Amino acid sequence: DGVTCPTCVRIIEAAVDRVPGVAGVDVNYGAERVTVRYDPERTDVAGIKAAVGEAGYRVEERPDPGSEETEDSEAAARRAEIADLSRRVLISALLTLPVLVPVMASDVFGIEDLPGLLSDHWFQLALIAPVMLYAGWPIHKTGWLTLRNRTADMNTLITLGTSAAFLYSVLVTVAP
């Protein structure tokens, strides 16, 4: 869970490969699978899971690979993840539009003052904060974890860029 790009794959492979007793690791990005060959006398599944967790990701052992029940539960989990992400995108779009459209329209049409609440920076902050904190949480969670582990991926770049912009916006709203 949390693997969003090929860099994530390399981070996980490197983390698991450092576990004593691991003879080989293969992360399949497309299939969302990690295959590990290891010496059970030197390490165990818990140690491998811990290494993945310390790298900022989550892994679940497949109880019965290839069984219909396992495939059904994985498909249900994937549908739930897609539904959650879709909900986050919809909420962020609805909260962003009242800020984005008037600001862009004022730039295009040269309107100096936006009408009513649309010009209120506190109102804009109230709309955008949930976009940053709720809708962006899956990206930011992974971004901060990879940064903590002294690695970087696209989530780290997005997190750093949007956090800097958001914190600057909060600062100029609080102390113009």
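Residues numbered from 1 in each chain as written. Predicted model: local features only at pLDDT ≥ 70, side-chain atom pairs only at ≥ 80, totals over all residues. Heavy atoms only, no water.

Participant: Is there a simple way to think about the nonpolar core in this case?
Facilitator: Formed by 17 residues in total, the largest nonpolar core has its most connected members in Ile 12, Val 16, Val 22, Val 36 and Tyr 57. Contributing elements (two or more residues each) for this core: helix 1 (6–17), strand 1 (22–28) and helix 2 (45–54). Among the elements that take part in this core, helix 1 stands out by supplying six residues, more than any other. Excluding anything up to four places from it in sequence, Val 16 contacts Val 22, Val 25, Val 36, Ile 48, Ala 51 and Val 52. (Core = buried A, V, L, I, M, F, W, Y, C linked by side-chain atoms within 4.5 Å. Buried < 20%, exposed > 50% of the residue type's maximum accessible area, 1.4 Å probe, protein only. Helix = DSSP H or I, 4+ residues; strand = E, 2+ residues; numbered from the N terminus. Contact = heavy atoms within 4.5 Å.)

Participant: Could you clarify how one ought to interpret helix 1 in this entry?
Facilitator: For the α-helix, the turn length of 3.6 residues means that residues three or four positions removed from each other point alike. Over its twelve residues, helix 1 extends 16 Å from the first C-alpha to the last, a length consistent with the 16 Å expected when each residue adds 1.5 Å. Taken as a whole, helix 1 has its buried residues at Cys 8, Val 9, Ile 11, Ile 12, Ala 15 and Val 16. Angular distribution of buried residues about the axis of helix 1 spans 165°; they occupy a single face of the element. Exposed side of helix 1, more than 90 degrees from the buried face: Pro 6 and Arg 10 are the residues found there. The elements touched by buried residues of helix 1 are strand 1, strand 2 (33–38), helix 2, helix 5 (137–148) and helix 6 (154–174). (Expected span 1.5 Å × (residues − 1). Arc of directions from axis to C-beta.)

Participant: Sorry if this is basic, but what is going on with the confidence of the model for the protein here?
Facilitator: Where the model shows low pLDDT, its predicted coordinates should not be examined in detail. A residue-level look at the protein finds 93% of positions with pLDDT of 70 or above and a mean pLDDT of 86. Least confident of the elements in the protein is helix 3 (residues 68–109), whose mean pLDDT is 85; most confident is helix 6, at 94. (pLDDT = per-residue confidence, 0-100.)

Participant: Where do I start with the side chain of Thr 173 in this structure?
Facilitator: As for its placement among the helices and strands, Thr 173 is situated in helix 6. If we ignore the near neighbours within four places in the chain, the residues touching Thr 173 are His 121, Trp 122 and Leu 125.

Participant: Help me understand the packing of aromatic side chains, please; the structure alone is not making it clear to me.
Facilitator: Two measures describe an aromatic ring pair: the distance that separates the ring centres and the angle between the ring planes. For the coordinates displayed, the defined rule picks out zero aromatic pairs. The ring of Tyr 134 has Arg 88 lying over it, and the distance from NZ or CZ to the ring centre is 4.4 Å. (Phe/Tyr/Trp six-rings, centres within 6.5 Å; stacked < 30°, edge-to-face > 60°. Lys NZ or Arg CZ within 6 Å of the ring centre and 35° of its normal.)

Participant: Honestly, the packing of helix 1 against helix 2 in this entry has me stumped. Any pointers?
Facilitator: Following both chains from N to C, one finds helix 1 and helix 2 inclined at 135°, their axes separated by 9 Å at the closest point. One element, helix 1, and the other, helix 2, form an angle in the oblique class. Crossing angle aside, the handedness with which helix 1 passes helix 2 is right-handed. Facing helix 1, whose interface residues are Ile 12, Ala 15 and Val 16, helix 2 presents Ile 48, Ala 51 and Val 52. (Axes fitted to C-alpha atoms, helices over the stretch in contact; angles between N-to-C directions. Parallel < 35°, antiparallel > 145°, perpendicular 65-115°, else oblique. Left-handed = near helix turned anticlockwise from the far one by under 90°.)

Participant: Looking at this model, I keep getting lost on helix 5. Mind explaining?
Facilitator: Taking 1.5 Å per residue, twelve residues should reach 16 Å; helix 5 reaches 16 Å between its end C-alpha atoms and fits that length. Those residues of helix 5 that fall on the buried side of the exposure criterion are His 140, Thr 142, Gly 143 and Thr 146. Along the axis of helix 5, the buried residues cluster in a sector spanning 165°; they form a single face. Buried residues in helix 5 make contact with helix 1, helix 4 (121–135) and helix 6.

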